[in-house]
Amino acid sequence: MVKDFFSPSPKIINLNMHNTIPAENTYLKGDPRGGIFPFVVEPFSEDYTGRLSWQFLGNHLLRCASLHAGQHGFGYDDMQKSHHAWVLSRLVIEMEEMPTTGEHYVIETWVNRIYRQFTDRLFAITNPQTGKVYGYAFSTWALIDTTSRQPMDLAELPNGGFSSALIEKEIPIAGPGRIRLKNTENAVRTRQAYYTDLDINGHVNSIRYIEMMLDLFPAKQFEASPVKRLEVAYSAEAYADDLLQFYQEPSAKGDATLVEIRKEEGRIPVVKAAVTF
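Residues numbered from 1 in each chain as written. Predicted model: local features only at pLDDT ≥ 70, side-chain atom pairs only at ≥ 80, totals over all residues. Heavy atoms only, no water.

For the protein, mean pLDDT is 90; residues scoring 70 or higher make up 92% of the total. Scored below 50 in pLDDT, residues 1–19 makes 39 contacts in the model with residues more than four places away or belonging to other chains. (pLDDT = per-residue confidence, 0-100. Contact = heavy atoms within 4.5 Å.)

This is the structure we're talking about:
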């Protein structure tokens, strides 16, 4: 049963005991069904250009998704009690600009759509002082039974599931498309999965794959032209000691670089991505 955490839309959203933000400076304009979480680009959370690193941004997005779900009764702890777990299937992040050292930013997140075995969750990354939008993110999730590993039909969840948390507001970026590499025979890199790659579930962290793929590009490329868009499709899980094969080629239109990670000598696809600078 979804807990009722909703209240009339406030003019001021309380971020914590000491910090507030005007609702007009938020993307959702104070809609209480959404979640809003404050951050600052602290030392050691940036990359070498002084911009917020993709590692921290990605992990913060997933953390905000978990916190928001928990606030409305369908978070990690709630799902564990019924032997279910959320699995990330697609992730698209598109940034106009990355916040830099010392800058404050907020991540807003909300559930946008439910369809059979998947649900879409959207994000907006904004400046809390000005309302300026740094970027957006789109994610698709499945709820699986942790015993059978089979996906649940979200339309059949009791008491309407979490449909009361839906917000129809869209974001102005394209959703995920199809990512297909033609050459998956000649790996450009091989890398083993290690202890520091793993998350609490014992498999490689979803954002760690993004770091691995970005490491295929020379460092100077990020200084000259930062990544504008990341589109990631997750297919399978990798575990400690798995040997991962990396494949890379330009997209058919030449506007992105396609990357795929496979395991078991290239037989099993793990994750695919399209990286646009």
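From this point on, the discussion continues.
Taken as a whole, the largest pocket spans an internal volume of roughly 1,500 Å³. Lining the largest pocket are 50 residues, and of these W86, V87, L88, W141 and N201 sit closest to its centre. When residues of the lining of the largest pocket are traced back to their parent elements, those giving at least two are α1 (54–71), α2 (76–81), β4 (84–95), β6 (118–126), β7 (133–145), α3 (206–214) and β9 (229–234). Residues of the lining of the largest pocket, tallied by class, amount to 26 nonpolar, 16 polar and eight charged. (1 Å grid on protein atoms, 1.4 Å probe; cavity = no way out; pocket = protein on both sides within 12 Å on 5 of 7 lines; lining within 4 Å. Points joined across faces, edges and corners; volume = space filled by probe spheres on them. Helix = DSSP H or I, 4+ residues; strand = E, 2+ residues; numbered from the N terminus. Nonpolar A, V, L, I, M, F, W, Y, C, P; charged D, E, K, R; others polar.)

Let's shift gears to unusual backbone geometry. Residues other than glycine seldom take positive phi values, yet K29 does so here, at roughly 55°. In this structure, K29 sits in the loop between β2 (19–22) and β3 (35–40). Even without a glycine there, the phi angle at R149 is positive, about 65°. With respect to the helices and strands, R149 occurs in the loop between β7 and β8 (189–192).

On to α3. The buried fraction of α3 amounts to eight of the nine residues, a majority that puts the element mostly inside the structure. Among the residues of α3, those classed as buried are S206, I207, R208, Y209, I210, M212, M213 and L214. At the N-terminal boundary of α3, the capping side chain belongs to N205, with an oxygen 2.7 Å from the backbone nitrogen of I207. (Buried < 20%, exposed > 50% of the residue type's maximum accessible area, 1.4 Å probe, protein only. Polar contact = N/O pair within 3.5 Å; in protein donor to acceptor, adjacent residues only side chain to side chain.)

Moving on, we get to the pairing of strand β5 (residues 104–115). When β3 meets β5, the two strands line up antiparallel, connected through six bridges. Residue F39 lies in a different strand from β5, and its bridge partner there is Y105. Taken together, β5 and the strand that follows it, β6, pair antiparallel across an intervening segment of two residues, in which R116 is found at a positive phi of about 50°. (Pairing = 2+ DSSP bridges.)

Here we take up the pairing of strand β12 (residues 268–276). Look at any regular strand and the pattern is simple: side chains alternate between the two faces of the sheet. The pairing of β9 with β12 spans six bridges and is antiparallel. Of the residues in β12, the one forming a bridge with R229 is T276. With antiparallel pairing between neighbouring strands as the criterion, strand β11 (residues 257–263) and β12 make up a hairpin whose turn holds four residues, including E264 at a positive phi of roughly 55°.

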